[in-house]
Amino acid sequence: MDRPARLYLASASPRRRELLTQIGLEHIVLAVPAPAGEDEPQLPGEAPADYVRRTAREKAERGRIWMREQGLAVLPLLAADTTVMLAGQVLGKPADRADALRMLACLSGTTHEVHTAVVLADGQDLHEAVSITQVSMRALSSAECERYCDSGEPFGKAGSYGIQGLAGSFIRHISGSYTGVMGLPLFETAELLRRAGIALP
């Protein structure tokens, strides 16, 4: 028998919350303290899909530990991680304006990949999926990159841009999941929920 669609979201991302709300999924944001430091580094020889899968799994594990420590009600927990990959290099969240400008210059006029891993922790089970989307960005001038950084939008986003915001006008074409580029691929997420016996509205 299907269970009600209610779970914890181990993410403070407003975009992920919006996407879960879009599909009618009741969720509670789990305020798990993030580890100190920058994005988790890619391990030597680690494939991009393996990298995001590992980091999403680590978020889910931290969330499960936090649930137990706080004595929270036992519910399935959803975690996700998104990163931008260009020529095998991870472009995570920018450390500062200079880093954001560097990433935008790297992505300008190229086709890159956005990898998003989703992990559903349900009891002792972990259900995982990875969405990979090809994104083609038009060439950007230095002035455009500067103005985009002035907006504040690049900060806190993998690859220093958000497709759902001002940077949507930079994107010529995508092949894959638009919601995956936003940070939570809804098709893959729904499949994980179905696999765990959780019914969507």
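Cut-off values and rules
Residues numbered from 1 in each chain as written. Predicted model: local features only at pLDDT ≥ 70, side-chain atom pairs only at ≥ 80, totals over all residues. Heavy atoms only, no water. UniProt positions renumbered as here; feature names shortened; annotations may be inferred. Helix = DSSP H or I, 4+ residues; strand = E, 2+ residues; numbered from the N terminus. Contact = heavy atoms within 4.5 Å. Phe/Tyr/Trp six-rings, centres within 6.5 Å; stacked < 30°, edge-to-face > 60°. Buried < 20%, exposed > 50% of the residue type's maximum accessible area, 1.4 Å probe, protein only. Salt bridge = Lys/Arg side-chain N within 4 Å of Asp/Glu carboxyl O.

- By the naming in an unreviewed UniProt entry, the protein chain goes by dTTP/UTP pyrophosphatase and is assigned to Bordetella genomosp. 12.
- What UniProt states about the protein chain under its Cofactor (unreviewed entry) heading is, verbatim, "a divalent metal cation".

## Structural notes on the UniProt feature "site: Important for substrate specificity" (unreviewed entry) in the protein chain
- The UniProt feature table records "site: Important for substrate specificity" (unreviewed entry) at Arg15, Thr82 and Gln164. In sequence the annotated residues extend across 150 residues, while in space they remain close, none of their C-alpha pairs exceeding 14.4 Å.
- Within the secondary structure layout, arginine 15 lies in helix 1 (residues 14-22).
- Along the chain, the position of glutamine 164 falls in the loop between helix 4 (142-150) and strand 7 (171-175).
- The residues contacting glutamine 164, other than those within four sequence positions of it, are Arg15, Lys157, Tyr178 and Met182.

## Thoughts on the packing of aromatic side chains
- All chains considered together, the criterion is met by one aromatic pair.
- Summarising the aromatic geometry, the rings of tyrosine 148 and phenylalanine 170 are spaced 5.3 Å apart at their centres and angled 75° between planes, so their arrangement reads as edge-to-face. Taken together, the residues span a long stretch of sequence, with tyrosine 148 in helix 4 and phenylalanine 170 in the loop between helix 4 and strand 7 at a distance of 22 residues.
- Look at phenylalanine 170 and you get buried, because its relative accessible area is 7%.

## Considering the pattern of salt bridges
- Counted by the stated rule, this structure contains 11 salt bridges.
- Among the salt bridges present, the one from arginine 53 reaches glutamate 128, with a minimum N-O distance of 3.3 Å. Of this pair, arginine 53 sits in helix 2 (residues 48-70) while glutamate 128 sits in strand 6 (residues 125-137), and the two are 75 residues apart along the sequence.
- Here aspartate 81 ties to lysine 59 by a salt bridge, and the two come within 3.1 Å at their closest N and O atoms. One end of the pair, aspartate 81, is in strand 3 (residues 77-86); the other, lysine 59, is in helix 2, with 22 residues separating them in the sequence.
- For aspartate 81, a relative accessible area of 13% translates into the label buried.

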